[in-house]
Amino acid sequence: MSALAPRVVIITRETEYERLLGRHGTRAQAEFFLRSREQSIAAALRRHERLNAALTTVVGAIPAAWRRCRVARADLDRFLFEPEDTILVVGQDGLVANSAKYLAGQPVIGINPDPEEYDGVLVRFPPEAAADLVPAAVERRARTEGRTMVEARFADGQRLLALNEIFLGARTHQSARYRITYRDHTERHSSSGVIVASGTGSTGWARSINRERRAELSLPRPTDAALAFFVREAFPSVATGVSVTEGVLSGQESLTVTSEMNEDGVLFGDGIESDRLAFEWGVTATVTVADHRLALVAP
């Protein structure tokens, strides 16, 4: 342990209610805007109040002598995490995924402020659990799951990490053109892009694709050192094929994708399009299981 007092980092994101106030200035103006469109501010206000109540409970569970700070999702890429931090994510499941790429083994406690709204796949605990979980995590005696992450790497050293999935395709969501290599098979594609998902991501976007296709692909579990990939809406033509459209990458296996797009080719992870890598013509992305994992505090 460091000689400094322990530091607990609380990660949140702006609520719908806060965004409405930021856009319209006052609650009355926001209510008028929604009412003119036959909507109500009540649901957004209720979710906002539940989050604030959860934050009050969580902050109250942190001893007064300890350091603590609150970080918004929008500021994660500018925040300097310390190796001995303990992370409290208060919000929806996706906020854990948004945070994972910026961490390096610090224990993460997912707090669900609104079980009626959020499934709790990653935010597993009620706010009241923080009183026991925070000291246990700070002392590194809380049980954690090592959640597999996805990594895409370019030859020049640029890389992208994600907890759920990485998307490779066109920024404009028009047809993406590329060459894909899976095991010993290489094929040119024109498609809506490629998704490479971890076991955690296999409960979300990848699961939806798998179900829609009625595929028999066995998706990995969150702690498996394996990934699943899906090509979205591959188009058959004289120049492009449709035989390499899904598969599982186990252990050290990799998927390579070489762009045949110009300035519109991109890679991004966990739905954060603003934090992306340019994927221009001739650039090859190698996608594998990442070396490090998310340390998610488990029940």
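This text follows the structure it describes.
Being a predicted model, the structure only gives us computed values, none of them experimental.

**Student:** Honestly, the overall build of the protein in this entry has me stumped. Any pointers?
**Tutor:** Scanning the protein from terminus to terminus reveals six helices and 18 strands. For a compact globule of 299 residues, the expected C-alpha radius of gyration is about 19 Å, and the protein comes in at 21 Å, within 12% of that figure. Counting only C-alpha atoms and orienting by the principal axes, one finds that the protein spans roughly 65 × 55 × 35 Å. Considering the protein as a whole, with its 299 residues, one finds that 49% of them fall into the buried category. For the protein, long-range pairs separated by at least 24 residues make up 69% of all intrachain contacts whose partners lie at least 6 apart in sequence. Accessible surface for the protein amounts to roughly 14,600 Å². Of this, 48% is attributable to carbon and sulfur atoms. Side chains of the protein carry 36 positive and 39 negative charges; the gap between the two charge centres is 2 Å.

**Student:** Just to check I follow, could you spell out the pattern of salt bridges for this structure?
**Tutor:** It is possible for side chains of opposite charge to pair when their charged atoms get near one another. For the structure shown, the criterion picks out 22 salt bridges. The residue R78 makes a salt bridge to D75 at a minimum N-O spacing of 2.3 Å. For R78, a relative accessible area of 60% puts it in the exposed group. A relative accessible area of 33% means that D75 is categorised as partly exposed. Within this structure, R7, R67, E82 and D85 form a network of salt bridges that share partners.

**Student:** Is there a simple way to explain the nonpolar core in this structure?
**Tutor:** One recurring pattern in soluble globular proteins is that nonpolar side chains are buried together. With 28 residues, the main nonpolar core has L168, V196, L255 and L267 as its most contacted residues. Those elements giving two or more residues to this core turn out to be β6 (150-153), β7 (159-162), β8 (165-170), β9 (176-182), β11 (194-197), β12 (226-231), β14 (255-259) and β17 (284-289). Top contributing element to this core by residue count: β9, with four residues. Look past the residues within four positions of L255 in its chain and what remains in contact with it is I180, T181, Y182, V194, V196, F229, L249, A285, T286 and V287.

**Student:** What is the right way to read the sheet that holds strand β15 (residues 265-269) from this model?
**Tutor:** What links the strands of a sheet is backbone hydrogen bonding, and the strands pair in either a parallel or an antiparallel sense. Strand order in the open sheet formed by six strands is β13-β12-β11-β8-β15-β16, with antiparallel pairing between adjacent strands. Edge positions in the sheet fall to β13 (246-250) and β16 (276-278), since each has one partner strand and no second. The sheet shows a mean angle of 15° between the axes of neighbouring strands, taken without regard to direction. Across five bridges, the pairing between β8 and β15 is antiparallel. Paired with A170 across the strands is G265, a residue of β15. In the packing of helix α6 (residues 205-213) onto the sheet, the strands contacted are β8, β11, β12 and β13, and the crossing angle to β12 comes to about 55°.

**Student:** Quick question: what am I supposed to make of the side chain of T86 here?
**Tutor:** Turning to its location among the elements, T86 is positioned in strand β3 (residues 86-90). At a separation of 3.2 Å, a polar atom in the side chain of T86 contacts the side chain of R140. If near-sequence neighbours (up to four positions away) are discounted, T86 is found in contact with R7, V8, V9, P107, I109, A137, V138 and R140.

**Student:** Honestly, the packing of helix α1 (residues 16-24) against helix α2 (residues 27-35) in this entry has me stumped. Any pointers?
**Tutor:** Helix-helix packing is described using two parameters, namely the angle between the two axes and the distance between the axes. Where α1 meets α2, the axes come as close as 8 Å, and the angle between the chain directions of the two elements is 100°. In terms of orientation, α1 and α2 fall into the roughly perpendicular class. Every residue of α2 that contacts α1 at Y17, L20, L21, R23 and H24 is listed here: R27, Q29, A30, F33 and L34. Residues that form the contact of α1 with α2 fall into these classes: six nonpolar, two polar and two charged.

**Student:** Hey, could you run me through the environment of L34 in this one?
**Tutor:** Inspection of the secondary structure puts L34 in helix α2. Among the residues examined, L34 registers a relative accessible area of 8% and is labelled buried. Distance in space between the C-alpha atoms of L34 and L20 is 9.5 Å, their sequence separation being 14 residues. With residues near it in sequence (within four places) discarded, L34 still touches L20, Q39, S40 and I41.

**Student:** Would you mind going over α2 with me for this structure?
**Tutor:** Residues that lie three or four places apart on an α-helix share one face, since the helix turns once every 3.6 residues. Within α2 the residues assigned to the buried category are A30, F33 and L34. Projected down its long axis, α2 carries its buried residues within an arc of 95°, all on one side. In α2, those exposed residues whose orientation departs by more than 90 degrees from the buried face are A28, F32 and R35. Contact partners of the buried residues in α2: α1.

Cut-offs and rules
- Residues numbered from 1 in each chain as written.
- Predicted model: local features only at pLDDT ≥ 70, side-chain atom pairs only at ≥ 80, totals over all residues.
- Heavy atoms only, no water.
- Helix = DSSP H or I, 4+ residues; strand = E, 2+ residues; numbered from the N terminus.
- Rg over C-alpha atoms; globule rule 2.2 N^0.38 Å.
- Buried < 20%, exposed > 50% of the residue type's maximum accessible area, 1.4 Å probe, protein only.
- Contact = heavy atoms within 4.5 Å.
- Areas by Shrake-Rupley, 256 points an atom, 1.4 Å probe, with all protein chains shown as cover.
- Lys, Arg positive; Asp, Glu negative; His and termini not counted.
- Charge placed at Lys NZ, Arg CZ, Asp CG, Glu CD.
- Salt bridge = Lys/Arg side-chain N within 4 Å of Asp/Glu carboxyl O.
- Core = buried A, V, L, I, M, F, W, Y, C linked by side-chain atoms within 4.5 Å.
- Pairing = 2+ DSSP bridges.
- Axes fitted to C-alpha atoms, helices over the stretch in contact; angles between N-to-C directions.
- Polar contact = N/O pair within 3.5 Å; in protein donor to acceptor, adjacent residues only side chain to side chain.
- Parallel < 35°, antiparallel > 145°, perpendicular 65-115°, else oblique.
- Nonpolar A, V, L, I, M, F, W, Y, C, P; charged D, E, K, R; others polar.
- Arc of directions from axis to C-beta.

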